[in-house]
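Examination of the molecular architecture
One letter stands for each residue in the lines below.
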Amino acid sequence: MSLAQHDTIHPQLILGDALPAAIESSGNAQHLYVSLSDIILDSLFYHPSIEQHFANLTELEQGSLQSILDDKAVAEHFTSTIVDRVVAAVQKNHTTIRVCLSDADSYTYKALIGGSVETDEINPAMGVRGVSRFSSNQYAKAFSYECAVIKALRKQGLNIEIVVPFVRTLSDAATIIDRLAEQSLPRSLDGLKVLYSCDVPSAALLAERLMHYFDGVVINIDNLTQYTLGIDKENPELSHLFNPESEAVITLLDLASKAARHANKPILVVTQALASYPKLQEHLAESVQADVVVKM
């Protein structure tokens, strides 16, 4: 998004900063939203589970990986690279850093070095991602790396909140809280807050009950729109039907936000081409009253 587009955003919206950034920081945002998936894609270039499958890599992949790692172990490189990027992006005005655990699907991960470790899925967008990935044995080691990033950032004295993507059921909620505790990241310990990302309709429909497990909600407008309308916006034959201002999407947005407000917990809305949707902006500013992050 260009700065010109940024100028068309509703003046009453409270904008947060994002990493990687879609728009230039205003210098006034109180929080920074960090996407681990996006940092993995544009800074690491290798699959988070690559260490367990090194013997299966091609000679070219092994050479590329060694060049990237520069004699570091995968765990060390993964953690230090991401931590360094986050720390460099934090500004004095950022009181809260919300770190979203990886939400990439198998199609996206396949493009990385070592991506062949991913299982072929007929519909990756609706496949193993989010909690279903974190709770799998195949991703256990990589999940520990993501948790190591959180712990390292907290040791830096940063106020870190965890965002859990693709919580589809109440069982998902219980599972991820347990998995985080196993990684020495129990919710509420030393003030640690865990929010969930509302990516699918079930996460909005169950929002009132999910608030018992989490400390707030992050509503991912783009994901929620795709799953509510059953439209892949990357499909050129369907992209014209992609509409975050649809009544169905707004209804689910309101369900999730009202549940959070009723529980007196924060609401964050994450989206992409916000400037293209003035009605959505107005609704967010006047009815939802959430912090908004414009993501890459």
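Residues numbered from 1 in each chain as written. Predicted model: local features only at pLDDT ≥ 70, side-chain atom pairs only at ≥ 80, totals over all residues. Heavy atoms only, no water.

**Things to note about the sheet that holds strand β1 (residues 14-19)**
Strand order in the closed barrel made by the eight strands is β1-β2-β3-β4-β5-β6-β7-β8, with parallel pairing throughout. The mean inter-strand angle of the sheet, taken between neighbouring strand axes irrespective of direction, is 30°. Note that β1 and strand β8 (residues 291-294) share three bridges and pair parallel. Each bridged residue has a counterpart across the sheet, and for L15 the counterpart in β8 is V292. This element, helix α7 (residues 140-155), spans β3 (96-100) and β4 (160-164) of the sheet and lies at about 160° to β4. In the packing of helix α11 (residues 221-229) onto the sheet, the strands contacted are β5 (193-198), β6 (217-220) and β7 (267-271), and the crossing angle to β6 comes to about 60°. (Pairing = 2+ DSSP bridges. Helix = DSSP H or I, 4+ residues; strand = E, 2+ residues; numbered from the N terminus. Axes fitted to C-alpha atoms, helices over the stretch in contact; angles between N-to-C directions. Contact = heavy atoms within 4.5 Å.)

**Focus on helix α3 (residues 59-69)**
Considered for burial, the residues of α3 that qualify are E61, L65 and L69. Down the axis of α3, the buried set is contained in an arc of 65°. They therefore lie on one face. Turned more than 90 degrees away from the buried face of α3, the exposed residues are E59, L60 and S67. Residues of α3 that are buried make contact with α4 (74-89). A positive phi of about 55° marks D70, the residue just after α3. (Buried < 20%, exposed > 50% of the residue type's maximum accessible area, 1.4 Å probe, protein only. Arc of directions from axis to C-beta.)

**So, the environment of D172**
Mapped onto the secondary structure, D172 falls in helix α8 (residues 170-182). Discounting chain neighbours no more than four positions away, the residues touching D172 are V131, F166 and V167.

Note that every value here comes from positions in space, so none of it alone points to a role or purpose.
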